[in-house]
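Here is how the chains run, residue by residue.
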Amino acid sequence: LVPGFRFGRLLTGILLASILLPLFYLGATEDPSDSTPALFFSLIIAYIIPVFSLITATTEEALAELRPILDLDAATFEETRSKLHSSSLRQTSLCLGIGALCGFAHMSLIRGSVAATFQQMWITLSGFMSTLGTLLVWMTMTTVITMLIRQTILFSRLGANHVRISLPATRKLLPFARVSIISSLAVIGALALFPLIGIESGLNLVESVPGAVAMLVPLVIMFITPVWPIHQRLSALKERELQAVNNRIDLCLSGRDTVELEDSEIRQLTLLLTFRREITHIPTWPFDMGNLT
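Here we summarise the structure given alongside this text. (Residues numbered from 1 in each chain as written. Predicted model: local features only at pLDDT ≥ 70, side-chain atom pairs only at ≥ 80, totals over all residues. Heavy atoms only, no water.)

**Some details on a nonpolar patch on the surface**
No. 1: A grouping of Leu205, Val209, Val213, Val217 and Ile221 is seen on the molecular surface, where their side chains present a nonpolar patch of about 410 Å² in accessible area.
No. 2: Considering the arrangement of structural elements, one finds Val213 in helix α9 (residues 205-224).
No. 3: Looking at Val213, the relative accessible area reads 44%, which means it is partly exposed. (Patch = residues over 30% accessible without salt bridge, like charges linked within 9 Å, V, L, I, M, F, W, Y side chains within 5 Å. Areas by Shrake-Rupley, 256 points an atom, 1.4 Å probe, with all protein chains shown as cover. Salt bridge = Lys/Arg side-chain N within 4 Å of Asp/Glu carboxyl O. Helix = DSSP H or I, 4+ residues; strand = E, 2+ residues; numbered from the N terminus. Buried < 20%, exposed > 50% of the residue type's maximum accessible area, 1.4 Å probe, protein only.)

**Points about the environment of Gly198**
No. 1: Positionally, Gly198 belongs in helix α8 (residues 195-201).
No. 2: Judged by relative accessible area, which is 30%, Gly198 ranks as partly exposed.
No. 3: Through-space distance from the C-alpha of Gly198 to that of Ala105 is 20 Å; in sequence the pair is 93 residues apart.

**Some remarks on the packing of helix α4 (residues 89-111) against helix α5 (residues 114-123)**
When two helices pack together, you describe them by how their axes are tilted relative to each other and by the distance separating the axes.
No. 1: At their nearest, the axes of α4 and α5 sit 8 Å apart, and the two run at 95° to each other. One element, α4, and the other, α5, form an angle in the roughly perpendicular class. On α5, the residues touching Phe104, Met107, Ser108 and Arg111 of α4 are Val114, Ala116, Thr117, Phe118, Gln120 and Met121.
No. 2: Of the residues in the contact of α4 with α5, the class split is six nonpolar, three polar and one charged. (Axes fitted to C-alpha atoms, helices over the stretch in contact; angles between N-to-C directions. Parallel < 35°, antiparallel > 145°, perpendicular 65-115°, else oblique. Contact = heavy atoms within 4.5 Å. Nonpolar A, V, L, I, M, F, W, Y, C, P; charged D, E, K, R; others polar.)

**A word on the packing of helix α1 (residues 8-25) against helix α2 (residues 38-66)**
No. 1: At a closest axis distance of 8 Å, the pairing of α1 and α2 adopts a crossing angle of 160°. In terms of orientation, α1 lies roughly antiparallel with respect to α2. Note that α1 runs across α2; the crossing there is right-handed. Here Arg9, Thr12, Gly13, Leu16, Ala17, Leu20, Leu21, Phe24 and Tyr25 of α1 lie close against α2, whose contacting residues are Ala38, Leu39, Phe41, Ser42, Ile45, Ala46, Ile49, Pro50, Ser53, Leu54 and Ala57. (Left-handed = near helix turned anticlockwise from the far one by under 90°.)

**Describing the packing of aromatic side chains**
No. 1: By the definition in use, this model includes seven aromatic pairs.
No. 2: When the ring centre of Phe77 is taken as reference, the NZ or CZ atom of Arg67 above it lies at 4.6 Å. (Phe/Tyr/Trp six-rings, centres within 6.5 Å; stacked < 30°, edge-to-face > 60°. Lys NZ or Arg CZ within 6 Å of the ring centre and 35° of its normal.)

**Notes on the environment of Pro226**
No. 1: Mapping Pro226 onto the fold places it in the loop between α9 and α10 (228-253).
No. 2: For the pair Pro226 and Leu154, spaced 72 residues apart in sequence, the C-alpha separation works out to 7.8 Å.
No. 3: Setting aside residues no more than four positions away along its own chain, Pro226 makes contact with Thr152, Phe155, Ser156, Phe176, Val179, Ser180 and Ile221.

**Let's talk about the nonpolar core**
Most often, soluble globular proteins have nonpolar side chains that are buried together.
No. 1: Counting 35 residues, the largest nonpolar core has Phe40, Ile44, Met141, Leu191, Phe194 and Met215 as the members making the most contacts within it.
No. 2: The biggest single contributor to this core is α2, with eleven residues.
No. 3: With near-sequence residues (within four places) excluded, Met215 lies in contact with Met141, Ile145, Val187, Ala190, Leu191 and Phe194.
No. 4: Core analysis: the next-biggest nonpolar cluster, separate from the first, contains 27 residues, Leu66, Phe77, Leu84 and Ala177 among them. (Core = buried A, V, L, I, M, F, W, Y, C linked by side-chain atoms within 4.5 Å.)

Have a look at this one:
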């Protein structure tokens, strides 16, 4: 849905909003209890599709930055890269089907029963549009979030098994944090649109809470998954390095006080203490102020 030329994502978002807004406003009514949240339905779909394209491009860039420190041959690397932006027809159909079922269950919860949902769908235009919008949002968000989780799991596996880690060169691991942050921000952006439901159809927690909860859980997963294996490996490596340097310090001292050391031993001890201080200050999470900002 997103063309590859410049401003293609912006164009896609504008076109989607232009098509969906008039469509969903066909179901608008003056009765707040039976109105369609047309603005929410239109904007969340017009937002998440271009943003998903942006995230996929960003994850590909992150993977390319990690290439020099990945223990992957050329064929495996290309296969890994293709998994970031491709999915089988079976997987996509499964996501759409699960999304449709969740959307229908959500409408049944709002209207009190499955029978009432079917009845409202075919009796009033607003009922049909509300059901259609709910199904489309659930299908779209389920598919996008599933793919985002797949991307973060892929980076998690790379961090656990295929990336070379060196404590003095932790900046090379920053792409893992970038994937974690941008995937999370995409979901936070979608959550920021949820108040539009209350603006158009009145405050009804049953309409917004199920969708928000269904997005908050993946949000936590997407934020932690790409960086957790890196954190574990950095922590273990840092602990080993500190243990090794402490052993060397103990060996240098050999139970003596520093005043009893020769000049060469003091120099060696100073270097060891400086090295220990530097190792202590190395973070075990691949974040810096730049990507956090």
